[in-house]
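Here's the letter readout for the chains.
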Amino acid sequence: MSVSLHSTSPQPERIAIVDDPRFDAHQDGSGQHPECPERLAAARAGLYAVVDTSQRWVVPAREATDAELVRVHDPRYVARLHGALAHGYGNLDPDTYFCPATREATWLAAGSAIDLALSLVRGDARRGIALLRPPGHHALPTCSMGFCLFNNIALAAS
């Protein structure tokens, strides 16, 4: 996807925000894992307490395509995730769990991170925040790591 860098000047009062209730459905089932919906609830509460509705530029959540994912991740890893996440509950590594809602949340988080970056490049807002789960900054090209299934930061930069 190409983005024109010749846009109107950024809107200084607006903050681009990605948030979607489907991120909350990614849960380990025990309520004991440190990567839990309550982390995102706390971030939401803090953000929405200080950012007025008129200042919010909503970036809708959308699923990443496999073509976008393989810009950063090995196609075999993406295929393995498709398969693994179809099996209910489990762990991809000692820190990274999955549940029935993880597949949707993971692909939404990746696509939303990409769209947030594009929104900022277009000048829709000067600042942005992605309220995403599962998080996405530790995953490597070929494996999950540290609660992260995809590296949403690398995907947004790609």
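Reading the values: the criteria
- Residues numbered from 1 in each chain as written.
- Predicted model: local features only at pLDDT ≥ 70, side-chain atom pairs only at ≥ 80, totals over all residues.
- Heavy atoms only, no water.
- Helix = DSSP H or I, 4+ residues; strand = E, 2+ residues; numbered from the N terminus.
- Expected span 1.5 Å × (residues − 1).
- Buried < 20%, exposed > 50% of the residue type's maximum accessible area, 1.4 Å probe, protein only.
- Disulfide = S-S within 2.5 Å.
- 1 Å grid on protein atoms, 1.4 Å probe; cavity = no way out; pocket = protein on both sides within 12 Å on 5 of 7 lines; lining within 4 Å.
- Points joined across faces, edges and corners; volume = space filled by probe spheres on them.
- Nonpolar A, V, L, I, M, F, W, Y, C, P; charged D, E, K, R; others polar.

**Q** Help me out: how do you make sense of unusual backbone geometry in this one?
**A** Generally, phi is negative for residues other than glycine and the peptide bonds are trans, each holding for most cases. In this chain, Arg-133 is followed by Pro-134 through a cis amide linkage whose omega measures -5°. Counting through the fold element by element, Pro-134 comes out in the loop between strand E5 (127–130) and helix H5 (152–157). The phi torsion at Phe-147 lies on the positive side, around 80°, for a residue other than glycine. With respect to the secondary-structure elements, Phe-147 resides in the loop between E5 and H5.

**Q** Got a minute to help me understand helix H4 (residues 102–122) in this structure?
**A** With 21 residues, H4 should reach 30 Å at 1.5 Å per residue; the first-to-last C-alpha distance of 30 Å fits that figure. Counted residue by residue, H4 has 16 buried out of 21 residues, so it is predominantly covered. Taken from the residues just after H4, Gly-123 is the one with a positive phi, measuring 90°.

**Q** Explain the state of the cysteines here, please?
**A** Defined simply, a disulfide is a covalent bond joining two cysteines at their sulfur atoms. For the structure shown, the criterion picks out zero disulfides. Distance from the sulfur of Cys-143, which forms no disulfide, to the nearest cysteine sulfur (Cys-148) is 11 Å. By relative accessible area, Cys-143 is classed as partly exposed at 29%. Given a relative accessible area of 0%, Cys-148 falls into the buried group.

**Q** It is not clear to me how the layout of surface pockets should be interpreted in this structure. Could you clarify?
**A** Here the idea is plain: a probe the size of a water molecule rolls over the atoms and shows the empty space left. Of the pockets and cavities examined, the largest pocket occupies roughly 300 Å³. Taken together, 17 residues line the largest pocket, and the ones lying closest to its centre are Ala-130, Leu-132, Pro-135, Gly-136 and His-137. Mapped by element, the contributors of at least two residues to the lining of the largest pocket are helix H1 (37–50), H4 and H5. Looking at the lining of the largest pocket residue by residue, the class counts come to eleven nonpolar, three polar and three charged.

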